[in-house]
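Inside the fold
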Amino acid sequence: VTLMCTGGCGAVYQTTTNPIIATGDGEAMVYRAKGTVKDMEFVQFHPTALYHPGETHPAFLITEAMRGYGGILRLPNGESFMEKYDKRLSLAPRDIVARAIDKEMKIHGIDHVCLDVTHKNPEETKKHFPNIYQKCKSIGIDITTDYIPVRPAAHYMCGGIKVDLNGQSSIERLYAIGECSCTGLHGGNRLASNSLIEAVVYADAAAKHSLEHVDEYDFNDKVPEWNDEGTMTNEEKVLITQSVKEVGEIMSNYVGIVRSDLRLKRAWDRLDLLYEETEALFKRVKASRDICELRNMINVGYLITRQAIERKECRGLHYTTDYPLHAYDKK
Ligand SMILES: Cc1cc2nc3c(=O)[nH]c(=O)nc-3n(C[C@H](O)[C@H](O)[C@H](O)COP(=O)(O)OP(=O)(O)OC[C@H]3O[C@@H](n4cnc5c(N)ncnc54)[C@H](O)[C@@H]3O)c2cc1C
(Lines give C-alpha, C1' and ligand atoms only; values in the text may rest on other atoms or scores of the structure.)
Protein backbone atom coordinates (compact mmCIF):
# COMPACT_ATOMS: atom_id res chain seq x y z
CA VAL A 1 0.00 0.00 0.00
CA THR A 2 1.33 3.43 -0.91
CA LEU A 3 0.12 6.68 0.62
CA MET A 4 0.78 9.94 -1.20
CA CYS A 5 1.05 12.92 1.16
CA THR A 6 3.38 15.33 -0.63
CA GLY A 7 1.53 18.57 0.21
CA GLY A 8 0.68 21.50 -2.04
CA CYS A 9 2.09 22.78 -5.33
CA GLY A 10 2.34 26.55 -4.79
CA ALA A 11 5.99 26.47 -5.90
CA VAL A 12 4.85 26.39 -9.53
CA TYR A 13 4.00 30.08 -9.09
CA GLN A 14 6.48 32.95 -8.83
CA THR A 15 5.22 33.97 -5.38
CA THR A 16 3.78 31.50 -2.89
CA THR A 17 3.20 31.16 0.83
CA ASN A 18 4.07 27.45 0.50
CA PRO A 19 7.42 25.95 1.47
CA ILE A 20 9.91 25.16 -1.32
CA ILE A 21 9.00 21.47 -1.18
CA ALA A 22 5.54 22.31 -2.58
CA THR A 23 6.38 21.24 -6.13
CA GLY A 24 3.36 18.98 -6.60
CA ASP A 25 5.39 15.75 -6.78
CA GLY A 26 2.41 13.61 -5.74
CA GLU A 27 0.01 14.97 -8.35
CA ALA A 28 2.67 14.71 -11.08
CA MET A 29 3.62 11.12 -10.21
CA VAL A 30 0.00 10.00 -10.12
CA TYR A 31 -0.74 11.78 -13.39
CA ARG A 32 2.18 10.02 -15.07
CA ALA A 33 0.96 6.72 -13.63
CA LYS A 34 -2.39 7.42 -15.34
CA GLY A 35 -4.30 8.07 -12.10
CA THR A 36 -7.07 10.69 -11.91
CA VAL A 37 -6.00 14.20 -10.93
CA LYS A 38 -8.91 16.60 -10.66
CA ASP A 39 -9.94 20.24 -10.04
CA MET A 40 -6.42 21.59 -10.52
CA GLU A 41 -7.79 24.87 -11.91
CA PHE A 42 -8.91 25.81 -8.39
CA VAL A 43 -5.79 27.49 -7.02
CA GLN A 44 -6.37 29.66 -3.97
CA PHE A 45 -4.33 32.87 -3.82
CA HIS A 46 -3.94 34.45 -0.41
CA PRO A 47 -4.56 38.18 -0.93
CA THR A 48 -1.98 39.50 1.50
CA ALA A 49 1.51 38.04 1.44
CA LEU A 50 4.24 40.45 2.51
CA TYR A 51 5.81 42.08 -0.55
CA HIS A 52 9.53 41.75 -0.05
CA PRO A 53 11.42 41.24 -3.33
CA GLY A 54 13.71 38.23 -3.10
CA GLU A 55 11.53 36.49 -0.51
CA THR A 56 8.98 34.74 -2.70
CA HIS A 57 9.33 31.02 -1.74
CA PRO A 58 7.84 31.21 0.80
CA ALA A 59 6.43 34.70 0.99
CA PHE A 60 5.59 35.73 4.56
CA LEU A 61 1.85 35.60 5.22
CA ILE A 62 0.05 38.63 6.64
CA THR A 63 -2.87 36.93 8.33
CA GLU A 64 -6.50 37.78 7.58
CA ALA A 65 -6.87 38.48 11.30
CA MET A 66 -5.13 41.75 10.57
CA ARG A 67 -8.00 42.83 8.33
CA GLY A 68 -10.43 41.49 10.95
CA TYR A 69 -8.63 43.74 13.44
CA GLY A 70 -9.41 46.76 11.26
CA GLY A 71 -6.62 46.78 8.68
CA ILE A 72 -7.55 48.69 5.51
CA LEU A 73 -6.28 47.88 2.04
CA ARG A 74 -4.92 50.95 0.26
CA LEU A 75 -2.95 51.94 -2.81
CA PRO A 76 0.59 53.13 -2.00
CA ASN A 77 -0.74 56.73 -2.30
CA GLY A 78 -3.16 56.09 0.59
CA GLU A 79 -6.36 55.72 -1.42
CA SER A 80 -8.61 52.85 -0.30
CA PHE A 81 -10.11 50.74 -3.11
CA MET A 82 -12.18 47.82 -1.77
CA GLU A 83 -15.38 49.92 -1.84
CA LYS A 84 -15.26 49.53 -5.64
CA TYR A 85 -15.42 45.74 -5.36
CA ASP A 86 -17.46 44.50 -2.40
CA LYS A 87 -19.59 45.97 0.36
CA ARG A 88 -17.66 43.89 2.89
CA LEU A 89 -14.61 45.97 1.92
CA SER A 90 -11.30 44.51 3.13
CA LEU A 91 -13.21 41.67 4.83
CA ALA A 92 -14.61 40.23 1.60
CA PRO A 93 -13.68 36.57 0.86
CA ARG A 94 -10.13 35.74 -0.20
CA ASP A 95 -10.85 35.29 -3.90
CA ILE A 96 -12.68 38.62 -4.19
CA VAL A 97 -9.96 40.53 -2.33
CA ALA A 98 -7.20 38.80 -4.31
CA ARG A 99 -8.89 39.68 -7.63
CA ALA A 100 -9.43 43.29 -6.51
CA ILE A 101 -5.75 43.66 -5.58
CA ASP A 102 -4.66 42.02 -8.82
CA LYS A 103 -6.84 44.45 -10.79
CA GLU A 104 -5.57 47.52 -8.91
CA MET A 105 -1.97 46.42 -9.43
CA LYS A 106 -2.62 46.06 -13.17
CA ILE A 107 -4.54 49.37 -13.50
CA HIS A 108 -1.85 51.35 -11.70
CA GLY A 109 1.17 49.36 -12.94
CA ILE A 110 2.35 48.69 -9.37
CA ASP A 111 3.85 45.55 -7.87
CA HIS A 112 2.03 45.69 -4.51
CA VAL A 113 -0.73 47.40 -2.56
CA CYS A 114 -0.66 48.22 1.16
CA LEU A 115 -2.34 47.12 4.36
CA ASP A 116 -2.81 49.94 6.84
CA VAL A 117 -3.13 49.47 10.61
CA THR A 118 -1.49 52.79 11.50
CA HIS A 119 -4.85 54.12 12.80
CA LYS A 120 -4.95 51.39 15.45
CA ASN A 121 -3.45 51.59 18.94
CA PRO A 122 0.28 50.78 18.49
CA GLU A 123 0.57 48.76 21.70
CA GLU A 124 -2.53 46.72 20.82
CA THR A 125 -1.14 46.06 17.34
CA LYS A 126 2.18 44.83 18.75
CA LYS A 127 0.37 42.66 21.30
CA HIS A 128 -1.97 41.03 18.75
CA PHE A 129 0.59 40.54 15.98
CA PRO A 130 4.04 40.14 17.54
CA ASN A 131 5.40 37.95 14.71
CA ILE A 132 4.22 40.25 11.94
CA TYR A 133 5.55 43.25 13.87
CA GLN A 134 8.97 41.61 14.26
CA LYS A 135 9.13 40.33 10.69
CA CYS A 136 8.26 43.75 9.21
CA LYS A 137 10.64 45.48 11.64
CA SER A 138 13.43 43.21 10.39
CA ILE A 139 13.00 44.65 6.88
CA GLY A 140 12.67 48.25 8.04
CA ILE A 141 8.88 48.58 8.29
CA ASP A 142 7.26 49.70 11.55
CA ILE A 143 3.66 48.56 11.10
CA THR A 144 2.41 50.98 13.79
CA THR A 145 3.48 53.93 11.62
CA ASP A 146 4.09 52.52 8.11
CA TYR A 147 1.87 50.77 5.58
CA ILE A 148 2.60 47.07 5.07
CA PRO A 149 3.36 46.28 1.39
CA VAL A 150 1.32 43.24 0.35
CA ARG A 151 0.32 41.31 -2.73
CA PRO A 152 -1.41 38.01 -3.49
CA ALA A 153 0.52 34.74 -3.44
CA ALA A 154 -0.41 31.18 -4.42
CA HIS A 155 -1.58 29.56 -1.20
CA TYR A 156 -3.63 26.37 -1.53
CA MET A 157 -4.49 23.77 -4.16
CA CYS A 158 -8.13 22.66 -3.83
CA GLY A 159 -7.69 19.98 -6.48
CA GLY A 160 -5.28 17.08 -6.64
CA ILE A 161 -5.31 13.29 -6.69
CA LYS A 162 -8.95 12.29 -6.77
CA VAL A 163 -9.84 10.09 -3.80
CA ASP A 164 -12.97 8.50 -2.37
CA LEU A 165 -14.17 8.71 1.24
CA ASN A 166 -11.45 6.21 2.25
CA GLY A 167 -8.68 8.26 0.66
CA GLN A 168 -8.32 5.70 -2.17
CA SER A 169 -7.17 7.01 -5.53
CA SER A 170 -8.15 5.58 -8.93
CA ILE A 171 -5.01 3.39 -8.79
CA GLU A 172 -5.22 0.19 -6.78
CA ARG A 173 -3.37 0.27 -3.42
CA LEU A 174 -2.61 3.96 -3.80
CA TYR A 175 -4.06 6.37 -1.25
CA ALA A 176 -3.68 10.14 -1.05
CA ILE A 177 -4.25 12.48 1.89
CA GLY A 178 -3.71 16.14 2.69
CA GLU A 179 -3.26 18.95 0.21
CA CYS A 180 -2.12 16.70 -2.65
CA SER A 181 -5.49 14.96 -2.60
CA CYS A 182 -8.79 16.08 -4.05
CA THR A 183 -11.53 15.00 -1.69
CA GLY A 184 -14.07 17.51 -3.03
CA LEU A 185 -14.40 18.97 0.46
CA HIS A 186 -13.26 22.41 -0.66
CA GLY A 187 -15.39 22.50 -3.78
CA GLY A 188 -13.96 25.15 -6.07
CA ASN A 189 -13.17 27.61 -3.31
CA ARG A 190 -11.73 26.60 0.03
CA LEU A 191 -12.70 28.23 3.29
CA ALA A 192 -9.72 29.19 5.44
CA SER A 193 -8.53 26.58 7.97
CA ASN A 194 -10.36 23.63 6.42
CA SER A 195 -7.24 21.89 5.18
CA LEU A 196 -6.84 20.06 8.45
CA ILE A 197 -9.91 17.99 7.56
CA GLU A 198 -8.17 16.71 4.45
CA ALA A 199 -5.02 15.92 6.39
CA VAL A 200 -6.38 14.54 9.67
CA VAL A 201 -9.77 12.97 8.87
CA TYR A 202 -8.61 11.34 5.65
CA ALA A 203 -5.37 10.10 7.22
CA ASP A 204 -7.47 8.22 9.74
CA ALA A 205 -9.87 6.87 7.11
CA ALA A 206 -7.04 5.78 4.77
CA ALA A 207 -5.11 4.06 7.57
CA LYS A 208 -8.17 2.12 8.72
CA HIS A 209 -9.21 1.16 5.20
CA SER A 210 -5.76 -0.01 4.15
CA LEU A 211 -5.37 -2.12 7.30
CA GLU A 212 -8.71 -3.78 6.63
CA HIS A 213 -7.72 -4.67 3.06
CA VAL A 214 -3.97 -5.21 3.18
CA ASP A 215 -4.26 -9.01 3.27
CA GLU A 216 -6.09 -9.04 -0.05
CA TYR A 217 -3.10 -7.69 -1.98
CA ASP A 218 -0.37 -9.61 -3.73
CA PHE A 219 3.03 -8.13 -2.89
CA ASN A 220 5.12 -10.06 -5.39
CA ASP A 221 5.19 -7.21 -7.91
CA LYS A 222 8.68 -6.20 -8.93
CA VAL A 223 9.51 -2.54 -8.34
CA PRO A 224 11.98 -1.31 -10.97
CA GLU A 225 15.36 -0.09 -9.73
CA TRP A 226 15.78 3.70 -9.39
CA ASN A 227 17.63 5.04 -12.41
CA ASP A 228 20.57 6.82 -10.91
CA GLU A 229 22.75 6.91 -13.99
CA GLY A 230 23.91 9.80 -16.14
CA THR A 231 26.02 12.86 -15.57
CA MET A 232 25.32 16.46 -14.68
CA THR A 233 27.47 19.35 -15.81
CA ASN A 234 27.28 22.88 -14.44
CA GLU A 235 25.78 24.00 -17.71
CA GLU A 236 22.93 21.55 -17.31
CA LYS A 237 22.28 22.71 -13.74
CA VAL A 238 21.76 26.22 -15.13
CA LEU A 239 19.27 24.82 -17.61
CA ILE A 240 17.25 23.38 -14.74
CA THR A 241 17.25 26.47 -12.48
CA GLN A 242 16.37 28.69 -15.43
CA SER A 243 13.49 26.44 -16.44
CA VAL A 244 12.13 26.43 -12.86
CA LYS A 245 12.03 30.24 -13.04
CA GLU A 246 10.29 30.09 -16.39
CA VAL A 247 7.57 27.79 -15.01
CA GLY A 248 6.90 30.35 -12.24
CA GLU A 249 6.73 33.22 -14.73
CA ILE A 250 4.43 31.35 -17.12
CA MET A 251 2.06 30.28 -14.35
CA SER A 252 1.94 33.69 -12.64
CA ASN A 253 1.55 35.69 -15.84
CA TYR A 254 -0.92 33.50 -17.68
CA VAL A 255 -2.59 31.07 -15.23
CA GLY A 256 -2.88 33.31 -12.16
CA ILE A 257 -5.81 35.00 -10.45
CA VAL A 258 -7.42 36.27 -13.66
CA ARG A 259 -7.30 34.07 -16.74
CA SER A 260 -8.38 34.25 -20.37
CA ASP A 261 -8.37 31.81 -23.29
CA LEU A 262 -5.49 33.72 -24.87
CA ARG A 263 -3.34 33.67 -21.73
CA LEU A 264 -4.05 29.99 -21.08
CA LYS A 265 -3.15 29.09 -24.66
CA ARG A 266 0.10 31.00 -24.31
CA ALA A 267 0.90 29.15 -21.08
CA TRP A 268 0.13 25.83 -22.74
CA ASP A 269 2.49 26.54 -25.66
CA ARG A 270 5.32 27.72 -23.39
CA LEU A 271 4.93 24.75 -21.04
CA ASP A 272 4.92 22.41 -24.02
CA LEU A 273 8.32 23.70 -25.09
CA LEU A 274 9.69 23.38 -21.55
CA TYR A 275 8.26 19.86 -21.36
CA GLU A 276 10.04 18.73 -24.53
CA GLU A 277 13.34 20.24 -23.41
CA THR A 278 13.10 18.82 -19.90
CA GLU A 279 12.11 15.31 -20.96
CA ALA A 280 15.13 15.22 -23.30
CA LEU A 281 17.38 16.43 -20.46
CA PHE A 282 15.83 13.97 -17.99
CA LYS A 283 16.73 11.04 -20.24
CA ARG A 284 20.34 12.22 -20.46
CA VAL A 285 21.35 13.38 -16.98
CA LYS A 286 21.58 11.84 -13.52
CA ALA A 287 18.11 11.76 -11.95
CA SER A 288 18.71 14.42 -9.32
CA ARG A 289 16.09 15.95 -7.04
CA ASP A 290 16.32 19.21 -9.04
CA ILE A 291 15.38 17.70 -12.36
CA CYS A 292 12.67 15.49 -10.84
CA GLU A 293 11.08 18.54 -9.23
CA LEU A 294 11.30 20.54 -12.46
CA ARG A 295 9.65 17.71 -14.35
CA ASN A 296 6.91 17.53 -11.74
CA MET A 297 6.38 21.29 -11.76
CA ILE A 298 5.94 21.26 -15.54
CA ASN A 299 3.43 18.41 -15.21
CA VAL A 300 1.52 20.28 -12.50
CA GLY A 301 1.58 23.53 -14.51
CA TYR A 302 0.25 21.61 -17.47
CA LEU A 303 -2.56 20.06 -15.38
CA ILE A 304 -3.63 23.43 -13.94
CA THR A 305 -3.57 25.01 -17.40
CA ARG A 306 -5.38 22.18 -19.17
CA GLN A 307 -8.13 21.95 -16.57
CA ALA A 308 -8.47 25.76 -16.61
CA ILE A 309 -8.85 25.66 -20.39
CA GLU A 310 -11.51 22.97 -20.10
CA ARG A 311 -13.60 24.96 -17.63
CA LYS A 312 -15.54 27.38 -19.82
CA GLU A 313 -17.07 29.40 -16.98
CA CYS A 314 -16.10 31.36 -13.89
CA ARG A 315 -16.56 29.23 -10.81
CA GLY A 316 -15.04 29.52 -7.37
CA LEU A 317 -11.34 30.25 -7.67
CA HIS A 318 -11.29 29.88 -11.45
CA TYR A 319 -11.92 33.32 -12.93
CA THR A 320 -11.73 33.97 -16.65
CA THR A 321 -12.56 37.13 -18.58
CA ASP A 322 -13.89 35.06 -21.51
CA TYR A 323 -16.84 33.42 -19.75
CA PRO A 324 -19.52 34.82 -17.46
CA LEU A 325 -19.64 34.43 -13.71
CA HIS A 326 -21.37 31.30 -12.47
CA ALA A 327 -24.83 32.16 -11.12
CA TYR A 328 -23.82 31.29 -7.54
CA ASP A 329 -20.80 33.61 -7.60
CA LYS A 330 -22.89 36.56 -8.78
CA LYS A 331 -24.77 36.61 -5.47
C1 LIG B 1 1.58 30.00 5.52
C2 LIG B 1 0.48 29.00 5.57
C3 LIG B 1 -0.53 29.11 6.52
C4 LIG B 1 -1.56 28.19 6.58
N5 LIG B 1 -2.52 28.30 7.53
C6 LIG B 1 -3.47 27.35 7.64
C7 LIG B 1 -4.45 27.40 8.67
O8 LIG B 1 -4.48 28.32 9.48
N9 LIG B 1 -5.37 26.39 8.74
C10 LIG B 1 -5.39 25.35 7.86
O11 LIG B 1 -6.23 24.48 7.98
N12 LIG B 1 -4.48 25.29 6.86
C13 LIG B 1 -3.52 26.25 6.74
N14 LIG B 1 -2.60 26.17 5.72
C15 LIG B 1 -2.64 25.03 4.81
C16 LIG B 1 -2.02 23.81 5.49
O17 LIG B 1 -0.91 24.19 6.25
C18 LIG B 1 -1.57 22.79 4.44
O19 LIG B 1 -2.59 22.53 3.54
C20 LIG B 1 -1.17 21.50 5.13
O21 LIG B 1 -0.09 21.72 6.01
C22 LIG B 1 -0.76 20.46 4.11
O23 LIG B 1 -0.40 19.30 4.83
P24 LIG B 1 0.12 18.05 4.07
O25 LIG B 1 0.43 17.03 5.12
O26 LIG B 1 -0.77 17.69 2.97
O27 LIG B 1 1.49 18.55 3.39
P28 LIG B 1 2.82 19.13 4.07
O29 LIG B 1 2.63 19.49 5.48
O30 LIG B 1 3.35 20.17 3.14
O31 LIG B 1 3.78 17.88 4.03
C32 LIG B 1 4.25 17.35 2.81
C33 LIG B 1 5.50 16.56 3.13
O34 LIG B 1 5.87 15.77 2.01
C35 LIG B 1 7.25 15.92 1.77
N36 LIG B 1 7.49 15.70 0.34
C37 LIG B 1 7.05 16.43 -0.69
N38 LIG B 1 7.45 15.88 -1.85
C39 LIG B 1 8.15 14.77 -1.53
C40 LIG B 1 8.83 13.76 -2.30
N41 LIG B 1 8.85 13.80 -3.64
N42 LIG B 1 9.44 12.76 -1.64
C43 LIG B 1 9.42 12.70 -0.30
N44 LIG B 1 8.80 13.62 0.49
C45 LIG B 1 8.17 14.63 -0.14
C46 LIG B 1 7.58 17.33 2.20
O47 LIG B 1 8.93 17.49 2.50
C48 LIG B 1 6.68 17.48 3.43
O49 LIG B 1 7.32 17.02 4.59
C50 LIG B 1 -1.58 27.12 5.66
C51 LIG B 1 -0.57 26.99 4.68
C52 LIG B 1 0.44 27.93 4.64
C53 LIG B 1 1.51 27.77 3.58
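Predicted model only: the values in this text are computed from it and were never measured.

Let's talk about the overall build of the chain
Each helix and strand counted, the chain has 10 helices and nine strands in total. Since a compact globule built from 331 residues should have a radius of gyration of about 20 Å, the 21 Å found for the chain is in line with a globular shape. For the chain, the spread of C-alpha atoms along the three principal axes comes to 65 × 50 × 40 Å. With 331 residues in all, the chain has 48% of them scored as buried. Entry remark: accessible area of the chain is about 16,700 Å², with carbon and sulfur atoms responsible for 54%.

Focus: the site of the ligand
Near the ligand there are 17 residues, and of these Asp 25, Tyr 156, Glu 179, Ser 193 and Ser 195 occur at the shortest range. At a separation of 3.2 Å, a nitrogen atom of the ligand approaches a polar side-chain atom of Arg 190. With respect to the ligand, the side chain of Ser 195 contributes an N or O atom lying 2.6 Å from a nitrogen atom. Considered on its own, the ligand offers 1,000 Å² of accessible surface; in the complex 55% of this is hidden by protein.

Structural notes on the packing of aromatic side chains
The final tally for this structure, using the stated rule, is four aromatic pairs. Taken together, a centroid distance of 5.2 Å and an interplanar angle of 50° make the contact between Trp 268 and Tyr 302 tilted. Of this pair, Trp 268 sits in helix H8 (residues 261-284) while Tyr 302 sits in helix H9 (residues 289-310), placing them 34 residues apart in sequence. One Lys or Arg, Arg 295, reaches over the ring of Phe 282 and ends 3.9 Å from the middle of that ring.

Digging into the pattern of salt bridges
One side chain can pair with another of opposite charge once the charged atoms of both are near each other. Taken as a whole and assessed by the stated rule, the structure comprises 19 salt bridges. We note a salt bridge from Arg 295 to Glu 279, for which the minimum N-O separation is 2.9 Å. Placement of Arg 295 in helix H9 and of Glu 279 in helix H8 is noted, with a sequence separation of 16 residues between them. In this structure, Arg 295 and Glu 279 share a single accessibility class: buried. Between Arg 311 and Glu 313 there is a salt bridge; the shortest N-O distance is 2.6 Å. The class of Glu 313 is buried, set by a relative accessible area of 18%. Beyond isolated ion pairs, a larger network of salt bridges with shared partners links Glu 41, Arg 311, Glu 313 and Arg 315.

Observations concerning the sheet that holds strand E9 (residues 181-182)
Spatial strand order, E2-E7-E9: three strands in an open sheet with mixed pairing. Looking at the sheet topology across the chains shown, the edges are occupied by strand E2 (37-38) and E9. Sheet topology note: the E2/strand E7 (residues 160-162) ladder contains two bridges and is antiparallel. The partner of Lys 38 across the bridge, within E7, is Gly 160.

Overview of helix H6 (residues 195-213)
Quick reminder: α-helices carry 3.6 residues per turn. Residues three or four places apart thus point the same way. The terminal C-alpha atoms of H6 lie 27 Å apart, and with 19 residues this matches the ideal 27 Å at 1.5 Å per residue to within 8%. Along H6, the helix axis deviates most sharply at Tyr 202, where the bend reaches about 30°. Close packing links the buried residues of H6 with strand E1 (2-4), strand E6 (148-157), strand E8 (174-176) and E9.

Criteria and thresholds
- Residues numbered from 1 in each chain as written.
- Predicted model: local features only at pLDDT ≥ 70, side-chain atom pairs only at ≥ 80, totals over all residues.
- Heavy atoms only, no water.
- Helix = DSSP H or I, 4+ residues; strand = E, 2+ residues; numbered from the N terminus.
- Rg over C-alpha atoms; globule rule 2.2 N^0.38 Å.
- Buried < 20%, exposed > 50% of the residue type's maximum accessible area, 1.4 Å probe, protein only.
- Areas by Shrake-Rupley, 256 points an atom, 1.4 Å probe, with all protein chains shown as cover.
- Near = heavy atom within 4 Å.
- Polar contact = N/O pair within 3.5 Å; in protein donor to acceptor, adjacent residues only side chain to side chain.
- Phe/Tyr/Trp six-rings, centres within 6.5 Å; stacked < 30°, edge-to-face > 60°.
- Lys NZ or Arg CZ within 6 Å of the ring centre and 35° of its normal.
- Salt bridge = Lys/Arg side-chain N within 4 Å of Asp/Glu carboxyl O.
- Pairing = 2+ DSSP bridges.
- Expected span 1.5 Å × (residues − 1).
- Bend = angle between axes of the 7 residues up to and from the residue.
- Contact = heavy atoms within 4.5 Å.

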